[in-house]
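Close look at the chain arrangement
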Amino acid sequence: MTGSRVVAVGHYQPAKVLTNDDLAAMVDTSDEWIRSRVGIETRHVAGPDEPVDELAAHAGAKALASAGLTPADIDLVLVATSTAVDRSPNTAARVAARLGMGSPAVMDLNVVCAGFTHALATADHTLRAGAATRALVIGADKMADITDWTDRTTCVLVGDGAGAAVVEAVGPGQDAGIGPVLWGSVPEMGHAVRIEGTPPRFAQEGQAVYRWATTQLPPIARKVCERAGVAPEELAAVVLHQANLRIIEPVAQRIGAVNAVVARDVVESGNTSAASIPMALSKLVERGEITSGDPVLLFGFGGNLSYAGQVIRCP
């Protein structure tokens, strides 16, 4: 194989919507305070009977339906998540079981908010090596399970959901639709975003993350474009991790993608960790804001202070 491409996407969010006013009744905050600091208006929250693998399976089923494929057509399932409760069966195996798949390879990846772009690169590399032919790549997180809902600095940020992509190998003479990945981390700053303890709880050093993201990430994202042979001004869309509108907007501007649609799903979905990029991408496709073949920058960043990005062609 000479590469791979994304052939379809899909997303899923729980039905329950939590507004800023709802949060103001729970903690000392307000709609104005949340909007002005992080740009979030609403978020979807899963109930106790909606595990993360269920969210992932719904998104995966939608992506498969959009691709016109059946579960039997998939021989690799990768799920990026940091909120799975159980260690085994892993989330990917449970998704495969829910969807009635045959005997795919099943793996979870925990790179927190950069998980989906790491998983997409892993699928691309696997398909290029000939170890699989079609992959279902999912980012899914249930942040409600790891959030202290009495802590106004974190509970206002998060939401639950899942996004998925079907990736297939392409052979000689076919155009690859997933560009080279650029990935890395800042290990000495891993403490800036944490999910630790028993029970696990999400915590972060917001100002440190903001400074790192807005100053260090734009030149890395431009290098992603350079590796793909695409100038920033040629991008049709920029889909960054949906962490905070006050991070997304300046980073997108400093990349230089002056003609691109910038995904702002954080406004209605909050920070959904590994789900945020595929979910935002799926919504852009669903709304027709980007069309097949358009170059799109995907760039994840966050937990571990890890990052990963690639330019893909819109399915």
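None of these values were measured; they are calculated from a predicted model. (Residues numbered from 1 in each chain as written. Predicted model: local features only at pLDDT ≥ 70, side-chain atom pairs only at ≥ 80, totals over all residues. Heavy atoms only, no water.)

This part takes up the overall build of the protein. A count of helical and extended segments in the protein gives 10 helices and 14 strands. Taking 2.2 N^0.38 as the reference for a compact globule, 315 residues should give roughly 20 Å; the C-alpha atoms of the protein span a radius of gyration of 18 Å, in line with that estimate. C-alpha atoms of the protein, sized along the principal axes, occupy 60 × 40 × 40 Å. Considering the protein as a whole, with its 315 residues, one finds that 57% of them fall into the buried category. Partitioning the contacts of the protein with sequence separation of at least 6, the portion at a separation of at least 24 is 76%. Surface accessibility of the protein: about 12300 Å² in total, with carbon and sulfur atoms responsible for 48%. (Helix = DSSP H or I, 4+ residues; strand = E, 2+ residues; numbered from the N terminus. Rg over C-alpha atoms; globule rule 2.2 N^0.38 Å. Buried < 20%, exposed > 50% of the residue type's maximum accessible area, 1.4 Å probe, protein only. Contact = heavy atoms within 4.5 Å. Areas by Shrake-Rupley, 256 points an atom, 1.4 Å probe, with all protein chains shown as cover.)

A word on the pairing of strand E6 (residues 134-142). Regular strands place side chains that alternate from one sheet face to the opposite one. E6 sits mainly inside the fold: eight of its nine residues count as buried. The pairing of strand E4 (residues 76-80) with E6 spans five bridges and is parallel. Across the sheet, the residue bridging to Leu 78 is Val 137, located in E6. One ladder, built from nine bridges, connects E6 with strand E7 (residues 160-170); its direction is antiparallel. Note on E7: the bridge partner recorded for Gly 139 is Gly 163. (Pairing = 2+ DSSP bridges.)

On inspection of all chains with the given rule, the structure shows zero disulfides. The thiol of Cys 155 is unpaired, and the distance to the nearest cysteine sulfur, on Cys 113, comes to 17 Å. Of all cysteine sulfurs in the structure, the one in Cys 225 sits closest to Cys 314, which takes part in no disulfide; the separation is 16 Å. (Disulfide = S-S within 2.5 Å.)

Attention shifts here to the side chain of Thr 83. Mapping Thr 83 onto the fold places it in the loop between E4 and helix H4 (91-99). In this view, Thr 83 contacts Val 52, Ala 140, Asp 141, Lys 142, Met 143 and Ile 146; residues no more than four positions away in its chain are not counted.

According to the stated counting rule, one finds three aromatic pairs in the structure shown. Considering the side-chain rings of Phe 299 and Phe 301, the 6.4 Å spacing of their centres and the 40 degrees angle between planes classify their relative orientation as tilted. For the pair formed by Phe 299 and Phe 301, the shared burial category is buried. Measuring from ring centre to ring centre gives 6.5 Å for Phe 299 and Tyr 307, while their planes differ by 15 degrees; the resulting arrangement is stacked. Judged by relative accessible area, Tyr 307 falls into the buried class, the value being 14%. Taken together through their ring pairs, the aromatic side chains of Trp 212, Phe 299, Phe 301 and Tyr 307 make up a single cluster. If you follow Arg 152 out to its NZ or CZ, it ends over the ring of Trp 33, 4.7 Å from the centre. (Phe/Tyr/Trp six-rings, centres within 6.5 Å; stacked < 30°, edge-to-face > 60°. Lys NZ or Arg CZ within 6 Å of the ring centre and 35° of its normal.)

Buried residues of helix H8 (residues 245-255): Leu 245, Ile 247, Ile 248, Pro 250, Val 251, Ala 252 and Ile 255, and no others. Where H8 is buried, its residues meet helix H2 (31-38), helix H7 (206-228), strand E11 (237-240), strand E12 (261-262), helix H9 (266-269) and strand E13 (295-302). Measuring from the backbone nitrogen of Arg 246 back to the side-chain oxygen at the start of H8 gives 2.7 Å, which picks out Asn 244 as the cap. Looking one or two places after H8, you find Gly 256, whose phi comes out positive at around 95 degrees. (Polar contact = N/O pair within 3.5 Å; in protein donor to acceptor, adjacent residues only side chain to side chain.)

Moving on to the sheet that holds strand E14 (residues 306-313). A sheet is described by the order of its strands in space; here five strands give the open sequence E8-E14-E13-E11-E12, paired in mixed fashion. Lying at the two open borders of the sheet, with one neighbouring strand each, are strand E8 (182-185) and E12. The pairing of E8 with E14 spans four bridges and is classified as antiparallel. From the neighbouring strand, Leu 182 faces E14, where its bridge partner is Gly 309. On top of the sheet, helix H5 (residues 115-128) reaches E8, E13 and E14; it is set at about 60 degrees to E14, its chief contact. Of the strands in this sheet, E11, E12 and E13 are in contact with H8, which crosses E11 at around 135 degrees. (Axes fitted to C-alpha atoms, helices over the stretch in contact; angles between N-to-C directions.)

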